Amino acid sequence: DPDSGDNGLLLYSLVRGENNEFDINENTGQIFTVSVAGKAGTFYLEVQAADQGTGRLTARTTVNVTVDSSSTSNIVTLVLNQKINVVERNIAEVQRVLEDKLEWNVYTVDIYSKEFERKARSSTDETKIKIIAFDEANQEVPAEDVKRKLREQKGNIEVELEKVFSASVNAAIGEAPGAPASPELVAAIVLGVLLAGTFVAFLAYVLLDLKRKRYIEKYGKQDLVKEVEIMEGIDNPWAVDKNGSLKSLEKLEHMNN
């Protein structure tokens, strides 16, 4: 707006559209996502610019945003040895450097650090930036091509980022960690192990009880008792006899004879 003072001061707002998925910077008019995870399709946003003079003048336009669910497979993680709050303040410059060296349009998907350090944003010395690149035909650049170009331009990117952060910068490609096992899967595995252990113990008990019953049927209960007494004598020749005295080796040999 070429006017001066309040008549030239513009504020931007979303007056109609998916306000839960998108938001807008009221001073710059930059539109950004709030939450589009798991969503795909075209979203229609109506944006208003209004000056702050007496009898506010406004203008509106429609912005169509297309969300492609396949984009997640081409997201690449770039790891910088910088504090997350510093990276967030300079993300526009970081994006500019990446676009210049990769020669593609680069968009920032997410900026984050270790989960347990999110509350202490100035203490983290490693920040991860998720990016996605588009070529001149507005087609997604495959993740492997982006990684290859990042490796080729690693030195040049670090030199330019050092100018942005006024510090030594190391830029590395982050690998996506393997998906952790879900709590449901862990619970199922633990339950399966416990059930298997219980079944084995029960099966062993049944087999031993069956063996005992068969022995009794074959030799009789009295023979079983005698067999047990003899086995106890062999295992421990100095065991106490029924009278409370120690069984001697001679006595054991006499029994064997």
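Residues numbered from 1 in each chain as written. Predicted model: local features only at pLDDT ≥ 70, side-chain atom pairs only at ≥ 80, totals over all residues. Heavy atoms only, no water.

## Structural notes on the overall build of the protein
Short version of the rule: Helix and strand labels come from DSSP, where a helix needs a run of H or I of at least four residues and a strand needs a run of E of at least two; each type is numbered from the N terminus. Any residue under 20% of the maximum accessible area for its type is buried, any over 50% is exposed, and the rest in between are partly exposed; the area is computed with a 1.4 Å probe on protein chains only. Here the accessible surface of atoms and residues is derived via Shrake-Rupley with a 1.4 Å probe, and residues count as covered only by protein chains that are part of the display.
When its secondary structure is counted, the protein shows seven helices and nine strands. Within the protein, the fraction of its 257 residues that count as buried is 26%. Accessible surface, the protein as shown: approximately 17900 Å² in total, 53% of it carbon and sulfur.

## What about the environment of Ala133?
Selection rule: Contact between two residues is taken to exist if any of their heavy atoms lie within 4.5 Å; hydrogens are not considered.
Looking at the element boundaries, Ala133 is found in strand S8 (residues 127–134). Residue classification places Ala133 among the buried positions, given a relative accessible area of 2%. Distance in space between the C-alpha atoms of Ala133 and Ala143 is 8.4 Å, their sequence separation being 10 residues. Dropping the residues within four chain positions of it, Ala133 is found in contact with Trp104, Asn105, Val106, Gln139, Glu140, Val141 and Val146.

## A short note on the sheet that holds strand S5 (residues 58–67)
The cut-off we apply is this: A pair of strands is labelled paired if DSSP reports no fewer than 2 bridges between them. Note on definitions: angles span 0 to 180 degrees between N-to-C directions of axes, and those axes are lines fitted to C-alpha atoms, for helices only across the stretch in contact.
One open sheet accounts for three strands, arranged S1-S4-S5; its pairing is antiparallel. Two strands lie at the open edges of the sheet, namely strand S1 (10–16) and S5, each paired on one side alone. Taking the axes of each pair of neighbouring strands and ignoring which way they run, one obtains an average angle of 30° across the sheet. In the sheet, strand S4 (residues 41–51) pairs with S5 via 10 bridges, with the strands oriented antiparallel.

## As for the confidence of the model for the protein
What counts is decided by this rule: Each residue carries a pLDDT score, the predictor's own confidence in it, on a scale running from 0 to 100.
Put simply, the protein has an average pLDDT of 76, and 67% of its residues get 70 or more. Here residues 177–182 is modelled with pLDDT under 50, and outside its nearest four sequence neighbours on either side it reaches one contact, counting other chains as well.

## Structural notes on the sheet that holds strand S9 (residues 171–174)
Read from one edge of the open sheet, four strands run S7-S8-S6-S9, paired in antiparallel fashion. Each of the sheet's edge strands pairs with one partner strand only, and the pair in question is strand S7 (105–112) and S9. When the angles between neighbouring strand axes are averaged without regard to direction, this sheet yields 35°. Bridging between strand S6 (residues 76–80) and S8 involves five bridges; their strand directions are antiparallel.

## Observations concerning a nonpolar patch on the surface
Put simply, the rule is: For patch building, the residue pool is restricted to those with more than 30% relative accessible area and no salt bridge; the joining distance is 9 Å between like charges and 5 Å between nonpolar side chains (Val, Leu, Ile, Met, Phe, Trp, Tyr). We count a salt bridge whenever a side-chain nitrogen from Lys or Arg sits within 4 Å of a carboxyl oxygen from Asp or Glu.
A surface patch of nonpolar side chains, about 340 Å² in accessible area, is lined by Phe202, Tyr205 and Val206. Structurally, Phe202 is set in helix H5 (residues 183–219). Residue classification places Phe202 among the exposed residues on the basis of a relative accessible area of 54%.

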